[in-house]
Amino acid sequence: LASAIALMPFAAAASDLTIGFSQIGSESGWRAAETTVTKQEVAARGIQLKFADAQQKQENQISALRSFIAQGVDAILIAPVVATGWDEVLEEAQDADIPVILLDRTVDAPDDLYLTAVTSDLVHEGSVAGQWLVDDMAGADCRIVELQGTTGSSPAIDRKTGFENAISGHDNLEIVRSQTGDFTRSQGKVVMESFLKAEGGDNICALYAHNDDMAVGAIQAIKEAGLKPGTDIKIVAIDAVPDAHLAIANSEMNATIELTPNMAGPALDALAAYLADGTVPPKWIQTESRLYTAADDNQAIYEVKKGLGY
Ligand code: GYE
């Protein structure tokens, strides 16, 4: 509930700042919530926002940044769809003295090219998911299938690493299939259908999905295969969107790790201090990751979160 309260924007003095926000798109409920909350946080500070939806394409984000630079915005927020290919446009922003803040994903570029990155510990999230399965299986054999996030994105890379780290040394746990579902419900369902066809539902013990939306799509596929999600196939994912809490409340999913959609609040606070008196923020502002399981009151949390822009 505290995380829900933290999402409430606070009133603040008006400002004459204009910020460009290059958003990836709306591939998941979490991403939609991030957009909603970012617009609330910006409006609460009286900042003018130029919003660009990239439809999941890096070239559209690069074009948007060049447009923001040409318009002379005071700062840029970007959720970078993939980790590589940003050096040139970030250098152009630096040359124009426009600070850039990364939201929810990181880039493989020198960190002097951005003011700060506001993200969760993506490796840790994967480790928490893996550790949950280690504990839940308690030594019993488990053949795991994995739905990866967008290929080349820092969450897909890091959440895979973290999960593999946690299950390493536990020979009873094995990832037998792993493929990208691009963070979407539709692709999560399609890829889960292919896993079920290839492995046979009785040979899959658990699904690890890099986000809840792919897990929700997979739940549909598991049901259509005549199996019980959460029982026949255990399901652990990340984001803690409302529908994940609802699935856990209905015993159709087992665990999720919370990712706050309010990356903009800390980003705008760091930016305000930087613009006011040159206070340089740390290169990484880390947001919390909290595990939710059936032990939590997921129905109550669902009721609170469903009204928050997902
Ligand atoms: O988990 C997913 C979204 O970048 C960490 O992107 C974020 C991920 C989030 O599509 O729902």
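Residues numbered from 1 in each chain as written. Predicted model: local features only at pLDDT ≥ 70, side-chain atom pairs only at ≥ 80, totals over all residues. Heavy atoms only, no water.

Looking up the protein in an unreviewed UniProt entry gives the name ABC transporter periplasmic-binding protein YtfQ, with the organism given as Pacificibacter marinus. Looking at the Sequence similarities (unreviewed entry) heading of the UniProt record, one finds this comment for the protein: "Belongs to the bacterial solute-binding protein 2 family." Heading Subcellular location (unreviewed entry) of the UniProt record for the protein holds this comment: "Cell envelope". (UniProt positions renumbered as here; feature names shortened; annotations may be inferred.)

Asker: What am I meant to see in helix 5 (residues 122-137) here?
Answerer: The periodicity of an α-helix, 3.6 residues per turn, causes residues three or four positions apart to be oriented the same way. Helix length check: helix 5, at 16 residues, gives a terminal C-alpha distance of 23 Å against a target of 22 Å (1.5 Å per residue), a fit within 8%. Those residues of helix 5 that fall on the buried side of the exposure criterion are Leu 122, Glu 125, Gly 126, Val 128, Ala 129, Gly 130, Trp 132, Leu 133, Val 134 and Met 137. Where helix 5 starts, the residue carrying a side-chain oxygen 3.2 Å from the main-chain nitrogen of Val 123 turns out to be Asp 121. (Helix = DSSP H or I, 4+ residues; strand = E, 2+ residues; numbered from the N terminus. Expected span 1.5 Å × (residues − 1). Buried < 20%, exposed > 50% of the residue type's maximum accessible area, 1.4 Å probe, protein only. Polar contact = N/O pair within 3.5 Å; in protein donor to acceptor, adjacent residues only side chain to side chain.)

Asker: Is there a simple way to explain empty space enclosed by the protein in this structure?
Answerer: Regions of empty space are outlined by a rolling probe, equal in size to a water molecule, passed over the atoms. In total, this model carries three cavities of 30 Å³ or more according to the counting rule given. Lining of the largest cavity is provided by 13 residues; of these, Trp 30, Arg 31, Arg 105, Arg 159 and Leu 259 occupy positions nearest its centre. Listing elements by their share of the lining of the largest cavity, those giving two or more residues are helix 2 (29-44) and helix 6 (154-167). Here the residues of the lining of the largest cavity are counted per class, giving five nonpolar, two polar and six charged. (1 Å grid on protein atoms, 1.4 Å probe; cavity = no way out; pocket = protein on both sides within 12 Å on 5 of 7 lines; lining within 4 Å. Points joined across faces, edges and corners; volume = space filled by probe spheres on them. Nonpolar A, V, L, I, M, F, W, Y, C, P; charged D, E, K, R; others polar.)

Asker: Is there a simple way to explain the nonpolar core in this structure?
Answerer: What tends to happen in soluble globular proteins is that the nonpolar side chains get buried as a cluster. Within the largest apolar cluster, 45 residues are counted, with the highest numbers of intra-cluster contacts made by Met 192, Leu 207 and Met 253. The greatest single-element share of this core, amounting to six residues, is contributed by helix 8 (residues 212-224). Listed in part, the 25 residues of the second largest apolar core include Ala 52, Ile 62, Leu 65 and Leu 102. (Core = buried A, V, L, I, M, F, W, Y, C linked by side-chain atoms within 4.5 Å.)

Asker: In this structure, what is going on with the site of the ligand? I would like to understand it.
Answerer: Near the ligand you find Glu 27, Ser 28, Trp 30, Arg 31, Asp 104, Arg 105, Pro 155, Arg 159, Phe 183, Asn 211, Asp 239 and Leu 259, and these make up its full shell. Side-chain polar atom of Arg 105 to an oxygen atom of the ligand: 2.7 Å apart, as the coordinates give it. Here Asn 211 contributes a side-chain N or O atom positioned 3.0 Å from an oxygen atom of the ligand. Looking at the shell around the ligand, the elements with two or more residues in it are helix 2 and helix 6. Considering only residue class, the shell around the ligand consists of four nonpolar, two polar and six charged. (Near = heavy atom within 4 Å.)

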